[in-house]
Amino acid sequence: MPRHSAAVYRRRRLVTLVALILFVAFIVTAVWLLVARPWASATEATPSPTPSASSTPTASTTPDPTAAESPAPEPEQSSEETPGIVACEAQDVEVAAVTDADTYQAGVLPQLSISLTNRGATDCAIDVGSTTQVLTVSSGSDVWWRSTDCQENPSSMIATLAAGATVTSKVPVTWDRTRSSVETCAQENRARAPGGGASYHVAVEIGGFKGAATKQILLY
């Protein structure tokens, strides 16, 4: 075999040495990357907590074990299950006229109300709506004014009158000191009731019961 020159052997040794250096460098780099893991902070960092369904308080959908053991609420008694209130009887109800004054100066309008007293031993029911209320102002036998003559939108209202209780209508009816009739409701020049100390009597009726007496007032 031909013998190679010394230069050829030197080149081969140099190539082998370089290859060995590269191999060692590769091994060292691989070991360092395996130990240091410089990407770990970017790819394996603990994810920041994000809101989840469990982080917000919500009503539990788990059945309450005590719900089946607790009895259902008892329904309140309806009006059909309670004893009915009987209608008021004439002998038990006292009706009276009430006025805001006994004497009225010129230009002052009387305010008229109705008082109800249950003289019976038990509660009773009575219709106190405007459909059953009648207030009448008379001078002797002359009827000057009646509340039903020009009444608008009458209504019915059943109320319970407790035994021994006395109640008075909350909103009084105003007499405008004129003569009323169903034909003159829209007129502005109706005849005016004389004053000068003239005497008038107020009679009332409600729920079919009439007041036993009238209330006297004086107009000036």
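Quick summary incoming for the structure in this document. (Residues numbered from 1 in each chain as written. Predicted model: local features only at pLDDT ≥ 70, side-chain atom pairs only at ≥ 80, totals over all residues. Heavy atoms only, no water.)

Remarks on the overall build of the protein
Check the secondary structure of the protein and you find two helices and twelve strands. Start at the N end of the protein and walk to the C end: the helices and strands fall as α-α-β-β-β-β-β-β-β-β-β-β-β-β. Per-residue burial for the protein yields a buried fraction of 22% across its 220 residues. At a minimum sequence separation of 6, the contacts of the protein that also span at least 24 residues come to 68%. When the accessible surface of the protein is totalled, it reaches about 15800 Å², and 59% of it is carbon and sulfur. (Helix = DSSP H or I, 4+ residues; strand = E, 2+ residues; numbered from the N terminus. Buried < 20%, exposed > 50% of the residue type's maximum accessible area, 1.4 Å probe, protein only. Contact = heavy atoms within 4.5 Å. Areas by Shrake-Rupley, 256 points an atom, 1.4 Å probe, with all protein chains shown as cover.)

Thoughts on the pairing of strand β10 (residues 198-206)
By the bridge criterion, five bridges tie strand β5 (residues 134-139) to β10 in an arrangement that is antiparallel. What sits directly across from T136, in β10, is A203. With five bridges joining them, β10 and strand β12 (residues 215-219) adopt antiparallel strand pairing. Residue pairing for β12: S199 is matched across the bridge by L218. Summarising the sheet, β10 and strand β11 (residues 209-210) pair through two bridges and their orientation is antiparallel. (Pairing = 2+ DSSP bridges.)

Regarding the side chain of D127
For D127, the position within the fold is in strand β4 (residues 124-127). Comment: no salt bridge for buried D127; closest opposite-charge side chain is K170, at 15 Å. Here G129 takes part through its backbone nitrogen, which lies 2.9 Å from a polar atom of the side chain of D127. Of the polar contacts made by the side chain of D127, one reaches the side chain of S156; its length is 2.5 Å. Setting aside its immediate chain neighbours within four residues, D127 contacts T132, S156, M157, I158, I206 and G207. (Lys, Arg positive; Asp, Glu negative; His and termini not counted. Salt bridge = Lys/Arg side-chain N within 4 Å of Asp/Glu carboxyl O. Polar contact = N/O pair within 3.5 Å; in protein donor to acceptor, adjacent residues only side chain to side chain.)

Here we look at the side chain of S180
Counting through the fold element by element, S180 comes out in the loop between β9 (173-174) and β10. Under the relative-accessibility criterion, S180 is labelled buried at 10%. At a separation of 3.0 Å, a polar atom in the side chain of S180 contacts the main-chain amide nitrogen of R146. Apart from residues no more than four positions distant in its own chain, S180 is found in contact with W144, W145, R146, D149 and R190.

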